[in-house]
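Coordinates in review
For reference, the chains in residue letters:
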Amino acid sequence: MEAPRAPWQKTPPFHRQAYAAIDLGTNNCRLLIARPSGDHFMVIDAFSRVVRLGEGLAQSGRLSDAAMDRALGALHICADKLRKRGVHLARSVATEACRRATNGEEFIERVHRETGICLNIITAEEEARLAVLGCHILLEPGCGPAMIFDIGGGSTEMVLVDTSDTVPRILDWQSVPWGVVSLTESIGPIELTAEARAAAYHEMRTRITDGFARFSERVAPARESAAADGGLRLLGTSGTVTTLASLHLGLPQYDRSAVDGLIVPTTSMREISQRLAHISPAERIAVPCIGRERADLVVAGCAILESIFDIWPAERLGIADRGIREGILRSLMAAGGLGDRRAETAQGKSVNGGTAA
């Protein structure tokens, strides 16, 4: 979706063109609008809202009316921003909730009718690729393969990458249908006792470990090789890792500039995970950077994170407050930078089908 341009108006120079990426996930709707700046880009507008599109999906197999209405409200705001910023080229994607829901395609059509935004339901593999493209520059320097992961609302991806080239090459990857929303809902209500909380957390850990069991076996040689080459490198992108990194720093409120690119000892992240998993919901709500919005989902995120540490036992964790949206923007700008004709072709694909690369 882009703002209409009069016939006499010329396409602006590449460095002045605005590009946009929308990521509609199981829990959040996120928008990023940016302009090229050298080899990188400068953000000119952003938007994020918790919409819980996947709420109740585990039980019903469908997106609920209330969840769709919340997502549409956020997407209307995104559409207004695209128009106001005169976006030249945009790509909008939907992930696990729409992949799994029996009415996912129906919802995508409704979004287009009501907002003009063409959402493309991407595969788990494409989701993993875009996340890597968006955050890999934050990997610690080093030799041997590295692991990048993305804990979402409806799924979690782990990606083993070779970083010998400028853009990492994916060696292996795995997606499991457990994210902070889907895993929380699969466990169901937890009694307000320490024993019940411990049992629920153990069950969460078991489900993630079982889901990644074959992947863990496949990456065992790479794990040994990386350990011999100077240590395991691990980078995570998700609300879970940024929230826990904020607690590690003792921040009174979230500060992206302090968190994005931070390197944190995994022992600290494990300690924080254990503490959050075993305190009461009321106590979690009172924790800075968690609050009521994340209190019921952060425990599942902690369980997923600890299971990832078991699979790839690095001493340090890189924190990325970036991912799919940034990956989309880099793809769009790479296409746009090849010239107006290529950009127009990509633009047509993006507006009509969301497949610009």
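Quick look at the structure, then. (Residues numbered from 1 in each chain as written. Predicted model: local features only at pLDDT ≥ 70, side-chain atom pairs only at ≥ 80, totals over all residues. Heavy atoms only, no water.)

**Looking at the packing of helix α12 (residues 266-278) against helix α15 (residues 298-311)**
In the contact formed by α12 and α15, the axes pass within 9 Å of each other and the chain directions differ by 145 degrees. Remark: the crossing between α12 and α15 carries left-handed chirality. Taking contact as the criterion, the partners of T266, M269, R270, S273, Q274, L276 and A277 in α12 are, on α15, V298, V299, C302, L305, E306, F309 and D310. Partitioned by chemical class, the residues of the contact of α12 with α15 number eight nonpolar, three polar and three charged. (Axes fitted to C-alpha atoms, helices over the stretch in contact; angles between N-to-C directions. Helix = DSSP H or I, 4+ residues; strand = E, 2+ residues; numbered from the N terminus. Left-handed = near helix turned anticlockwise from the far one by under 90°. Contact = heavy atoms within 4.5 Å. Nonpolar A, V, L, I, M, F, W, Y, C, P; charged D, E, K, R; others polar.)

**Considering the nonpolar core**
For soluble globular proteins, nonpolar side chains are generally found buried alongside one another. Core analysis: the largest hydrophobic core is formed by 51 residues, its most contacted members being F149, L234, L276, L305, W312, L317 and I319. In terms of residue count, α15 provides more of this core than any other element does, ten residues in total. Excluding anything up to four places from it in sequence, L234 contacts M147, F149, I308, F309, W312, A314, R316, L317 and G318. I22, L24, F47 and F107 belong to the second-largest nonpolar core, a separate cluster that totals 33 residues. (Core = buried A, V, L, I, M, F, W, Y, C linked by side-chain atoms within 4.5 Å. Buried < 20%, exposed > 50% of the residue type's maximum accessible area, 1.4 Å probe, protein only.)

**Thoughts on the pairing of strand β6 (residues 146-151)**
In terms of burial, β6 is a largely internal element, six of the six residues being buried. Alignment of β6 against strand β7 (residues 156-162), held across six bridges, turns out to be antiparallel. What sits directly across from I151, in β7, is T156. What sits between β6 and β7 in their antiparallel hairpin is a turn of four residues. Across four bridges, β6 lies against strand β9 (residues 234-237) in parallel orientation. Among the inter-strand pairings, M147 is bridged to a residue of β9, identified as L234. (Pairing = 2+ DSSP bridges.)

**Section: the pattern of salt bridges**
Applying the stated criterion across every chain yields a total of 22 salt bridges. We note a salt bridge from R256 to D260, for which the minimum N-O separation is 3.6 Å. Here R256 makes a salt bridge to D321, at a shortest N to O gap of 3.6 Å. Of the two residues, R256 is situated in helix α11 (residues 256-259) and D321 in the loop between β11 (316-320) and α16 (324-336); the sequence distance between them amounts to 65 residues. Taking the relative accessible area as the measure of exposure, R256 reaches 38% and is therefore partly exposed. (Salt bridge = Lys/Arg side-chain N within 4 Å of Asp/Glu carboxyl O.)

**Some remarks on the sheet that holds strand β1 (residues 19-24)**
Sheet architecture is open: five strands sit in the order β3-β2-β1-β4-β5, paired in mixed fashion. Each edge of the sheet is formed by a strand with only one pairing partner; in this case those strands are β3 (40-50) and β5 (119-121). The mean angle between the axes of side-by-side strands here comes to 20 degrees, regardless of whether they run parallel or antiparallel. In the sheet, β1 pairs with strand β2 (residues 28-37) via six bridges, with the strands oriented antiparallel. Counterpart to A20 in the pairing with β2 is I33. The strands touched by helix α2 (residues 65-84) within the sheet are β1, β2, β3 and β5, with β3 carrying the most contacts at an inclination of about 155 degrees. Across the sheet, helix α4 (residues 104-115) lies against β1, β4 (89-94) and β5, angled at about 165 degrees from β5, the strand it touches most.

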